[in-house]
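Structural features, examined
Each chain, written out:
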Amino acid sequence: MRVGFCGGGLGGISAAIGLADLGFDVDVFERSPLLRATGAGLNLWPNAGRAIYGLGLRGRYDAISVKLNRYLGFNPDGTPLFEKDTSDWALRYGAPSVGVHRFALSSMLAETFGMDRIKFGYEVVSIENNADKVVCHFSNGESYEGDVIIGADGIYSTVREQLIGAVPFRQNDHHAYRYRAVINLSDVDVDPAAQTTFCSPGGWMAVIPVGNGKAYWFGSVFGVKNLDEFIQFFSSWTRTHIPRTLSITPRDTIVESPLYDVDIPYKWTHGRVTLIGDAAHPMMPDLAQGASQTFIDALALREAFAKTNNADEALHAYESQRRPVAYHVVKCSQKGGFLGKNKVDPVAVRYEREVEASTAASL
Ligand SMILES: Cc1cc2nc3c(=O)[nH]c(=O)nc-3n(C[C@H](O)[C@H](O)[C@H](O)COP(=O)(O)OP(=O)(O)OC[C@H]3O[C@@H](n4cnc5c(N)ncnc54)[C@H](O)[C@@H]3O)c2cc1C
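Residues numbered from 1 in each chain as written. Predicted model: local features only at pLDDT ≥ 70, side-chain atom pairs only at ≥ 80, totals over all residues. Heavy atoms only, no water.

1. With respect to the sheet that holds strand E10 (residues 134-138)
Read across the open sheet, the three strands follow the order E9-E10-E11; overall the sheet is antiparallel. Strands with a single pairing partner mark the edges of an open sheet, and in this sheet they are strand E9 (124-129) and strand E11 (143-146). Strand-to-strand twist in this sheet, taken as the mean axis angle between neighbours without regard to direction, amounts to 20°. Across five bridges, the pairing between E9 and E10 is antiparallel. Note that in E10 the partner of Val 124 across the bridge is Phe 138. (Pairing = 2+ DSSP bridges. Helix = DSSP H or I, 4+ residues; strand = E, 2+ residues; numbered from the N terminus. Axes fitted to C-alpha atoms, helices over the stretch in contact; angles between N-to-C directions.)

2. Comments concerning the pattern of salt bridges
Enumeration over the complete set of coordinates arrives at 20 salt bridges. For the salt bridge of Asp 27 with Arg 2, the shortest nitrogen-to-oxygen distance reads 4.0 Å. Taken together, the residues Asp 27 in strand E2 (residues 25-30) and Arg 2 in strand E1 (residues 2-6) connect sequence positions 25 residues apart. Taking relative accessible area as the criterion, Asp 27 reaches 11% and is therefore assigned buried. The salt bridge involving Asp 297 is made with Arg 322; its shortest N-O contact spans 2.7 Å. Pair noted here: Asp 297 is in helix H9 (residues 290-307) and Arg 322 is in helix H10 (residues 311-332), with a separation of 25 residues, a long-range link. Salt bridges linked by common partners bring Arg 2, Asp 25, Asp 27 and Lys 119 together as one network. (Salt bridge = Lys/Arg side-chain N within 4 Å of Asp/Glu carboxyl O. Buried < 20%, exposed > 50% of the residue type's maximum accessible area, 1.4 Å probe, protein only.)

Below you can see the structure in the form of C-alpha cells.
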C-alpha cells in the first residue's frame with residue numbers, strides 16, 4: 001500500500017511511523033523547508049502517552065518528557081488555590097501526564113521515521129481524488145500518486161478545503177490569544193515536577209517543565225489585543241514571579257497564537273483521502289488535548305490498517321472510531337479555563353472527568 005501524508009507535523013510523522021511499521025510504502029510531504037522549530041512546549045496527558053507507547057515509542061518518549069506529579073494553582077497574590085496529585089496516573093491510566101518541548105518531540109518523531117525520508121519544501125496545492133488512486137500536486141510542480149492520502153496539514157488544511165471547501169472558524173469565547181515561550185527552569189521558582197498556574201477570572205499564566213533545564217510559560221487574558229496588553233495585565237502580580245518572567249523573556253521568542261476551533265463534526269474520509277489531527281478536529285487549547293487527540297488518531301489509523309488490506313474499510317473504521325470521540329473533546333474544550341465564566345474545574349480534574357472517563361475505552 002502506498003500512502004502519502006500531506007503535512008509533517010506531530011500528526012503526519014507519528015501516523016507515518018505507524019503505517020511504515022506495517023510495511024507500507026509511506027511518504028511525508030511537508031511545506032516547510034526544515035523541521036518546524038516554532039512553538040514552545042506541550043502538556044500531554046495519559047491518553048497521548050498511551051497512543052505514543054502504542055506506536056512503539058515508549059522509551060524515546062519517556063526520555064524526552066518530564067513527568068508531572070502535581071497540578072498546582074495559586075492566586076495572583078501567591079496564596080494556594082488548588083492542588084491535584086497526579087503522581088499515580090502512570091499506574092492508573094497507563095501513562096503519565098508530561099511536559100515536553102515541542103521541538104524535542106517533533107525531532108524525536110522525525111528521527112524515528114527518518115529525517116531523510118521527509119520531503120521538505122513540498123506544499124500540497126491540490127488533490128485529484130480518483131476511485132482507487134489519489135494524486136497530490138505540489139507548488140513546486142511535482143506530483144505524487146498514492147493508494148491513500150492523509151491530510152495532516154493542520155488547522156488551515158488545504159486537503160480539507162479540497163475535500164469539503166471552507167469551514168467556519170469560531171473564535172474563542174474566552175480568550176482571543178494564547179502567548180507562550182520557553183525559558184530556563186532556574187529563572188522561575190516553581191516545583192520542577194508540576195504544572196504551576198496563577199489564576200484570576202480575567203487571566204492566567206502557567207509554567208510547565210519540559211526537560212534539559214527548560215520550562216515553558218503560557219497564558220491568556222480576557223480581552224487583550226496584543227502582547228503589550230498581556231504583559232501589562234500581570235504587572236501588579238508582584239508577589240508571583242510572573243512580572244519578572246515576562247520581563248526577562250526575549251520578546252522575539254514569545255509565540256502568539258490566535259485561538260480558533262471548528263464546531264462542525266464534518267466528514268473526514270472522502271474516497272481514498274482522510275484527515276487526521278488539527279485538519280480533522282481543530283479545537284481550543286483549554287483542555288490541552290489537540291496533540292493528544294492527534295496521537296490517538298495516528299494509532300487508530302495504524303490499528304485500522306493492521307486489521308484489513310482493504311483501504312476503504314480501514315479508512316471507514318478509523319473515522320467511525322475517532323470522529324465522535326474527537327468531537328466530544330472539541331465540545332468540552334470550548335468551556336474555557338478555571339475561574340473563567342463557565343466556572344469549570346482545574347484542567348487536571350477535567351481531564352479525568354471529561355476526557356479519561358468518557359473516552360479511554362475508545363483508544
Ligand atoms: C496555543 C496552543 C497551545 C497548545 N497546547 C497544547 C498542549 O499543551 N497539548 C496538546 O495536546 N495540544 C496542544 N495544542 C494543540 C496542538 O498544537 C495541535 O493539536 C497539534 O500540533 C496538531 O498536530 P497536526 O500535525 O495535526 O498539525 P500541525 O502541528 O499544525 O502540523 C501540520 C503540518 O502541516 C504542514 N502543512 C500545512 N499546510 C501544508 C500544505 N499545504 N502542504 C504540506 N504541508 C503543509 C505545516 O507546515 C505543519 O508542519 C495547542 C495548540 C495551540 C494553538
